[in-house]
Amino acid sequence: MPEGPSVRKFHLLTSPFVGQVVAKVGGSSQKINVNDLSALRLQDSQVHGKNLYLAFVAAEGPLAPTTEETVLQSKAISRASPPAQGGQEHPQDEKPQEVQHSRSEVPDAAEGLGNWLRFHFGLFGSIRANEFSRANKANKRGDWKDPTPRLVLHFESGGFLVFYNCRMQWCSSPRADPASDILSVEFHRGQALDALRAPAPICYTLLDQRYFSGLGNIIKNEILYLAKIHPLTQGSLLAVSDLEQLLDYAVQFSSDWLHSKLRGKGLHPQIYQKEQCPLGHAVMKATFGPSGGFKRLTWWCPQCQPAVL
């Protein structure tokens, strides 16, 4: 499924449509009534880890400020406000206020649920702007059939967005912790390092979205190879310097991958789905995951990433 860098790119594709009104809808989704989106205004777009959130409001009402605009306004107000008596400011005065919407702004289908639509993308999930995805090869039955969109939003401007292979759900607000998002400027390295020190296989911890939101299986495999760490190594057995280096690779690799996507360049993995590592050693492949959790394919080089006993 798409990882953090891909979903960030999806967010950039949706951003130009913020403020526009949905003129027509389509799609095969059975999870929501897509017709409820007709005549609504796309008010905001946010990305958190592997999830994209779009906010919709009634088109006839005034366009409310986006979350980013609200935060900036709150910061400006807090700077302009005089400090409390004694020269100390109250931390609660500096908190940005949440964007509030009246009941009339919420889609009928989302009454009681919220006006944010959450998108979580499956394997080969994607978003296209002003174009449809076309088949580039025959399917298993030999048919050249184009992918079926889950949702299509046509806007009054004439442009449109197409969503493929994604789950959609209404929610009251984005569930987000920027401190755990590896592509956020608010990513908390200390919190991440504490998680990596756990007495658990390092490949399990890296996929824990509570601490590494947006980090997926490709990033996991690549950064473990770059750091020369065996995927089943217990985090508690590694030196702090090794964990810090692994964290550096996680942030840098994710950022580089995003920038490559924005330039239209593909990813060139060193270990993921490879039979040999860059040094010519044979690569091992196995499925690892916590008991009762998801098991993910893992590639590693036994010579470059020796097991730690």
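Residues numbered from 1 in each chain as written. Predicted model: local features only at pLDDT ≥ 70, side-chain atom pairs only at ≥ 80, totals over all residues. Heavy atoms only, no water.

(A) Focus on the pairing of strand β5 (residues 151–155). Extensive coverage of β5 is indicated by the burial of 4 of its 5 residues. Across 4 bridges, β5 lies against strand β6 (residues 160–171) in antiparallel orientation. The partner of Leu151 across the bridge, within β6, is Phe163. Hairpin remark: β5 followed by β6, antiparallel, with 4 residues in the connecting loop; positive phi at Gly158, about 105°. (Buried < 20%, exposed > 50% of the residue type's maximum accessible area, 1.4 Å probe, protein only. Helix = DSSP H or I, 4+ residues; strand = E, 2+ residues; numbered from the N terminus. Pairing = 2+ DSSP bridges.)

(B) Focus on the pattern of salt bridges. Under the defined criterion, the tally for this structure stands at 6 salt bridges. Between Glu131 and Arg128 there is a salt bridge; the shortest N-O distance is 3.4 Å. Owing to a relative accessible area of 40%, Glu131 belongs among the partly exposed residues under this scheme. (Salt bridge = Lys/Arg side-chain N within 4 Å of Asp/Glu carboxyl O.)

(C) Molecular detail of helix α6 (residues 240–262). An ideal rise of 1.5 Å per residue puts 33 Å on 23 residues; α6 measures up with 33 Å between its terminal C-alpha atoms. For α6, the set of buried residues is Leu243, Leu246, Leu247, Ala250, Phe253, Ser254, Trp257, Leu258 and Ser260. Looking one or two residues beyond α6, the residue adopting positive phi is Gly264, at roughly 80°. (Expected span 1.5 Å × (residues − 1).)

(D) Main features of the sheet that holds strand β1 (residues 22–26). Taken in spatial order, the 6 strands make up an open sheet running β1-β5-β6-β4-β3-β2, and their pairing is antiparallel. Among the strands making up the open sheet, the edge pair consists of β1 and β2 (40–48). Averaged over neighbouring strand pairs, the angle between their axes works out to 40° when direction is ignored. The sheet strands contacting helix α1 (residues 4–14) are β2, β3 (51–58), β4 (116–129) and β6, and the helix crosses β4 at an angle near 115°. (Axes fitted to C-alpha atoms, helices over the stretch in contact; angles between N-to-C directions. Contact = heavy atoms within 4.5 Å.)

(E) A look at the confidence of the model for the protein chain. Within the protein chain, residue pLDDT values average 85, and 83% of them lie at 70 or more. Here residues 70–113 is modelled with pLDDT under 50, and outside its nearest four sequence neighbours on either side it reaches 43 contacts, counting other chains as well. (pLDDT = per-residue confidence, 0-100.)

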